[in-house]
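Listed here are the chains, written in short residue letters.
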Amino acid sequence: RKEVEQDPGPFNVPEGATVAFNCTYSNSASQSFFWYRQDCRKEPKLLMSVYSSGNEDGRFTAQLNRASQYISLLIRDSKLSDSATYLCVVNEGYNFNKFYFGSGTKLNVKP
Amino acid sequence: NAGVTQTPKFQVLKTGQSMTLQCAQDMNHNSMYWYRQDPGMGLRLIYYSASEGTTDKGEVPNGYNVSRLNKREFSLRLESAAPSQTSVYFCASNTMDYNEQFFGPGTRLTVL
């Protein structure tokens, strides 16, 4: 079983749409959760950390559900520039040095 | 700051050849990582180094060796390349509070 699982998509949405991605993780002891963005043939870059209380950064909202072991990312008012692959990342239990990446969810925002 | 740099950007090897991928960071980070990314597989951890002088295996260490030369540099060596090692290799380093990993631009390796 993979440590982190994501729907690979692609999610094809029109500009202005709201889209949500989910990610599940297997290690209940995991402490740190993140969403990274990866553009085609580029390196991943941190989009946002995910906190237990949920957090928002502009059009992006991240939620954590520890009981069900899933993380979500909501993007409101999608822009063409949001087209990318979104990677869910979770640390290994109490080892803050080790991380597991999901295989990513591809988003295509169409005009 | 250059951030995380990797060399080379592209490499083609023949089966059985060896090579070393170089990585350096100028952000004074303690932790450094090597990942490989294959289509549909996401990033998989090969090795990591929590601090200068220490290295630990990740998910897929077989066929690789690493050296944490100093705080700045973390190299990945393929002793006898195999076609299964064709991949994109990313080096990363982590902030002190473990809240963000910074990645290098990647090395695209093809083993024939």
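Heads up: these notes are all about the structure in this document. Counting from 1, residues in each chain are numbered in the order their sequence is written. By the order in which they are written, chains take letters starting at A while ligands take numbers starting at 1. pLDDT decides what is reported in this predicted model: residues at 70 or higher carry local features, side-chain atom pairs at 80 or more are listed and counted, and totals for whole chains, interfaces and linings draw on all residues regardless. Derived side-chain values reflect all non-hydrogen atoms in the structure, with water molecules and hydrogen atoms excluded from consideration.

**Some points on the sheet that holds strand β1 (residues 4-7) of chain B**
Residue and element names in this part refer to chain B.
- In this scheme, strands are said to pair when DSSP sees at least two bridges between them. Helix and strand assignments come from DSSP, with helices taken as H or I runs of at least 4 residues and strands as E runs of at least 2, each series counted from the N terminus. Reading across the sheet, the four strands line up as β1-β3-β8-β7 and stay open at both edges, with antiparallel pairing between neighbours. Only two strands of the sheet have a single partner each, and these edge strands are β1 and β7 (64-68). Each strand axis lies, on average, 15 degrees off the axis of its neighbour in the sheet, ignoring direction.
- By the bridge criterion, three bridges tie strand β3 (residues 19-25) to strand β8 (residues 74-78) in an arrangement that is antiparallel. Bridge pairing links Met19 to Leu78 in β8. Under this scheme, a helix contributes an axis fitted over its contacting stretch, all axes are lines through C-alpha atoms, and angles between N-to-C directions fall in the 0 to 180 degree range.

**As for unusual backbone geometry**
- That bond from A:Gly9 to A:Pro10 is cis: its omega, 10 degrees, falls within 30 degrees of zero.
- Its location among the elements puts A:Pro10 in the loop between β1 (4-6) and β2 (11-14).
- With a phi angle near 50 degrees, A:Asp77 is a residue other than glycine that sits in the positive phi range.
- Along the chain, A:Asp77 falls in the loop between β8 (70-75) and β9 (84-92).
- Under the relative-accessibility criterion, A:Asp77 is labelled partly exposed at 36%.
- Look at B:Asn28: it is not a glycine, yet its phi comes out positive at around 60 degrees.
- Inspection of the secondary structure assignment puts B:Asn28 in the loop between β3 and β4 (31-38). Accessible area is worked out with a 1.4 Å probe on protein chains only. A residue is then buried under 20% of its type maximum, exposed over 50%, and partly exposed in between.

Interpretation in functional terms is not warranted from these geometric data alone.
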